[in-house]
Amino acid sequence: MKWIRYTQAGRTSYGILEGDRITAVRGDPFRGHETTGETLRLDDVRLEVPVVPPTFYCVGLNYVTHIGTEGLKIPTQPDVGYRANNALQAHGQDVMMPADATKVHYEGELVVVIGRKTRNVSEAEARGCVLGYTIGNDVSERVWQGSDRTFWRAKNSDTFKPMGPWIETQADVDTMETVVRLNGEERTRFRTNDMLFGIDRFISTMSRYLTLHPGDILWMGTDGHSPDLRDGDVVDISITGLGTLTNRFVRAK
């Protein structure tokens, strides 16, 4: 099932996407819903980020090749960071690069969407807490990342976290492949599940110390390396079974 969040006639709602048709619902995928009998064409609505999370978690250094490319040490335990909701941006919307940004990179990532309240679960139980999956682009300004004491602007500037286009609840992570294209040219391809620490390990570890809530998201890291992005570049991130997240990069004046 594909859960889509959209705006039409000034109202933002959830719906269920089948082909190019949206079945409108009352409610949402987290607290319950019922269909309204109304259907809409996908082309007639504005896509929004598929969820605005209560808490936005992220994973760093989770693919060995990427770690080596960055010249960093391989972690010995799963570590989790945080991102800011102000950075979220929908599929098809522009990523705004600040005028003084000089080294902006993309990172194609699998996004895990939590479906129920989760605390103290085992690795075997962890996947049962997941509603579904979507796609994220973890945009970074690398100069700021190296110079600032925190990631407050390098990772969290407005629009730096495109996510979408929808949530897929019936996806097989083991068969997924992530492909990143820049201006239509393939630049990165990797098996999505070639993670140093997998989804189940992260959810189980996190749930020992904090409660995950419905709608929380966990970005799972990336492989490969990005070139420096320029004004007008378009980045497409495709993951098997999840569709394609597309955003243009525009330099602020």
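Going by an unreviewed UniProt entry, the protein carries the name 2-keto-4-pentenoate hydratase and comes from Bordetella genomosp. 8. Its UniProt record gives the protein a comment under Cofactor (unreviewed entry), which states: "Mg(2+)". The annotation that UniProt attaches to the protein under Sequence similarities (unreviewed entry) is "Belongs to the FAH family."

1. So, the UniProt feature "domain: Fumarylacetoacetase-like C-terminal" (unreviewed entry) in the protein
In the numbering adopted here, UniProt assigns the feature "domain: Fumarylacetoacetase-like C-terminal" (unreviewed entry) to residues 56–249. The straight-line gap between the two end C-alpha atoms of residues 56–249 is 22 Å; of that span, 13% is helix and 36% is strand.

2. A word on the sheet that holds strand β9 (residues 95–97)
Hydrogen bonds along the backbone pair up the strands of a sheet, which may run parallel or antiparallel. Reading across the sheet, the 5 strands line up as β9-β19-β18-β15-β16 and stay open at both edges, with mixed pairing between neighbours. Here the strands that pair on one side only, and so sit at the sheet edges, are β9 and β16 (185–191). The mean angle between the axes of side-by-side strands here comes to 20°, regardless of whether they run parallel or antiparallel. Across 6 bridges, the pairing between strand β18 (residues 234–239) and strand β19 (residues 243–251) is antiparallel. Bridging from a neighbouring strand, V234 pairs with R248 of β19.

3. Quick notes on the pairing of strand β15 (residues 177–182)
Look at any regular strand and the pattern is simple: side chains alternate between the two faces of the sheet. Here β15 pairs with β16 via 6 bridges, running antiparallel. Bridge assignment links V180 to a residue of β16, and that residue is T188. Linkage of β15 to β16, two consecutive antiparallel strands, is achieved through a turn of 2 residues, within which N183 is found at a positive phi near 50°.

4. A short note on the pattern of salt bridges
Scanning the model with the defined rule gives 18 salt bridges in all. Between D20 and R21 there is a salt bridge, with its nearest N and O atoms 4.0 Å apart. Given the relative accessible area of 42%, R21 is considered partly exposed. Of the charged contacts in the structure, one is a salt bridge between E186 and R189, with a shortest N-O distance of 2.7 Å. Given a relative accessible area of 35%, E186 falls into the partly exposed group. Counted as one network, the salt bridges with shared partners bring together E107, D138, R142, K155 and K161.

5. Some remarks on the nonpolar core
Grouped together as the largest cluster of nonpolar side chains are 43 residues, with contacts concentrated most on L110, I199, I203 and M220. Counting residues per element, the ones that place at least two in this core are β6 (56–59), β9, β11 (108–114), β12 (130–137), β15, α4 (199–207), β18 and β19. Ranked by residue count, the leading element in this core is α4, at 4 residues.

6. Quick notes on the packing of aromatic side chains
Tallying each qualifying case throughout the model produces 6 aromatic pairs. The interplanar angle of 80° and the centroid separation of 6.4 Å between the aromatic rings of Y14 and F30 together place this pair among those described as edge-to-face. Of this pair, Y14 sits in strand β2 (residues 11–18) while F30 sits in the loop between β3 (21–28) and β4 (32–41); the two residues are 16 residues apart in sequence, bridging distant segments of the chain. For the pair formed by Y14 and F30, the shared burial category is buried. For the ring pair F56 and W219, a centre distance of 5.2 Å and an interplane angle of 40° mean the geometry is tilted. Here the residue F56 occupies a position in strand β6, and W219 occupies one in strand β17 (residues 217–219), the gap between them amounting to 163 residues. You'll find F56 and W219 in the same group, each marked buried. The structure contains a cluster of three or more aromatic residues connected by ring pairs, namely W3, Y14 and F30.

7. Some details on the environment of V250
Among the structural elements, V250 can be located in strand β19. Linking V250 and M97, residues 153 residues apart in sequence, is a C-alpha distance of 5.9 Å. Not counting residues within four places of it along the chain, the set of residues in contact with V250 comprises D94, V95, M96, M97 and D231.

The rules behind these values
Residues numbered from 1 in each chain as written. Predicted model: local features only at pLDDT ≥ 70, side-chain atom pairs only at ≥ 80, totals over all residues. Heavy atoms only, no water. UniProt positions renumbered as here; feature names shortened; annotations may be inferred. Helix = DSSP H or I, 4+ residues; strand = E, 2+ residues; numbered from the N terminus. Pairing = 2+ DSSP bridges. Axes fitted to C-alpha atoms, helices over the stretch in contact; angles between N-to-C directions. Salt bridge = Lys/Arg side-chain N within 4 Å of Asp/Glu carboxyl O. Buried < 20%, exposed > 50% of the residue type's maximum accessible area, 1.4 Å probe, protein only. Core = buried A, V, L, I, M, F, W, Y, C linked by side-chain atoms within 4.5 Å. Phe/Tyr/Trp six-rings, centres within 6.5 Å; stacked < 30°, edge-to-face > 60°. Contact = heavy atoms within 4.5 Å.

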